[in-house]
Amino acid sequence: DAGVTQSPTHLIKTRGQHVTLRCSPISGHKSVSWYQQVLGQGPQFIFQYYEKEERGRGNFPDRFSARQFPNYSSELNVNALLLGDSALYLCASSQIETQYFGPGTRLLVL
Amino acid sequence: GIQVEQSPPDLILQEGANSTLRCNFSDSVNNLQWFHQNPWGQLINLFYIPSGTKQNGRLSATTVATERYSLLYISSSQTTDSGVYFCAVNTGFQKLVFGTGTRLLVSP
């Protein structure tokens, strides 16, 4: 069975640009969560979607937004990129309790 | 919000040694997971363990929810065990709060 997939794997942007990250959950999983992990720290919760509705939001500015599609895949959008947005962005899917993480997208903002 | 502290922050072992990693959390939780993050950043599920004890090969974990801590045991460590170990607690609907992490280096 395929695990959680994310695209792209790496991305380089400049300050002020916009970025879209994509995530496909494990087949049958209806919940998708997004996390940001900056170097040297643990992942921080950004969003959680279940059945295409936002169920939770972490302490991130409005520049961060997300959505979930009818096939349960998800997009994370970040506008007006800042240098501090450079991080590993992780997507996780779950069916009941256990969350399974994708390989992440490494974003570098120059 | 809930605080999740892990100890030790860094651990260096020789291959074959055993170790115990600890995770303390400041409030009641719905569940707890242990992850291993490999050098490429992939978070690998080790255990879903809201309470009790589980074992999987050389790894085992124990969570004492009433005392707000969990332990991860690694026996006969191997170089491939190197990486960062995180515990993460769930206090609401699917929101994980990660601990501070333990960085493990196993030398041959």
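Residues numbered from 1 in each chain as written. Chains lettered and ligands numbered in written order. Predicted model: local features only at pLDDT ≥ 70, side-chain atom pairs only at ≥ 80, totals over all residues. Heavy atoms only, no water.

**Q** Which residues make up the pairing of strand E5 (residues 43–48) of chain B, and what are the values?
**A** All names here are of chain B. As defined by bridge partners, strand E4 (residues 31–37) adjoins E5 across five bridges and the pair is classed as antiparallel. Bridged to Gln37 within E5 is Leu43. Connecting E4 to the antiparallel partner E5 that follows it, the hairpin turn spans five residues, and Gly41 within it adopts a positive phi of roughly 95°. (Pairing = 2+ DSSP bridges. Helix = DSSP H or I, 4+ residues; strand = E, 2+ residues; numbered from the N terminus.)

**Q** Can you tell me about the interface of chain B and chain A, naming the residues and giving the values?
**A** In this complex, chain B contributes 19 residues to the contact, which on the side of chain A involves 23 residues. Carbon and sulfur atoms make up 50% of the area that chain B and chain A hide from each other, which totals about 1,600 Å². The interface formed by chain B and chain A contains zero salt bridges. At the boundary of chain B with chain A, the tally comes to eight residue pairs in polar contact (both at pLDDT 80 or more). Contributions of two or more residues to the side of chain B that touches chain A are made by E4, E5, strand E9 (83–90) and strand E10 (96–98) of chain B. Looking at the side of chain B that touches chain A element by element, the count peaks at four residues for E4(B). Residue composition of the side of chain B that touches chain A, grouped by class: nine nonpolar, nine polar and one charged. (Contact = heavy atoms within 4.5 Å. Buried area = accessible area lost by both parts, 1.4 Å probe. Salt bridge = Lys/Arg side-chain N within 4 Å of Asp/Glu carboxyl O. Polar contact = N/O pair within 3.5 Å; in protein donor to acceptor, adjacent residues only side chain to side chain. Nonpolar A, V, L, I, M, F, W, Y, C, P; charged D, E, K, R; others polar.)

**Q** So what about the sheet that holds strand E1 (residues 5–7) of chain A? Which residues, and what values?
**A** Residues and elements named next belong to chain A. The strand order across the open sheet formed by four strands is E1-E3-E8-E7, and the pairing between neighbours is antiparallel. Only two strands of the sheet have a single neighbouring strand rather than two, namely E1 and strand E7 (64–68). Looking at each pair of strands side by side, their axes are set apart by 15° on average, direction ignored. Sheet analysis places strand E3 (residues 19–24) next to strand E8 (residues 74–78), joined by five bridges and oriented antiparallel. (Axes fitted to C-alpha atoms, helices over the stretch in contact; angles between N-to-C directions.)

**Q** How would you sum up the pattern of salt bridges? Please name residues and give values.
**A** Taken as a whole, this structure holds seven salt bridges over all chains when the rule is applied. The partner of Asp62(A) in a salt bridge is Arg57(A), with the nearest N and O atoms 3.6 Å apart. A relative accessible area of 71% places Asp62(A) in the exposed class. In this structure Arg57(A) comes out as partly exposed when scored by relative accessible area, which is 34%. As a salt-bridge pair, Arg58(B) and Asp81(B) come within 2.9 Å of each other at their nearest N and O atoms. Here Arg58(B) is found in the loop between strand E6 (52–56) and strand E7 (59–64), whereas its partner Asp81(B) is found in the loop between strand E8 (69–74) and E9, with 23 residues between them in sequence. Taking relative accessible area as the criterion, Asp81(B) reaches 7% and is therefore assigned buried. Ionic contacts of the salt-bridge type, sharing partners, join the residues Arg22(A), Arg67(A) and Glu75(A) into one network. (Buried < 20%, exposed > 50% of the residue type's maximum accessible area, 1.4 Å probe, protein only.)

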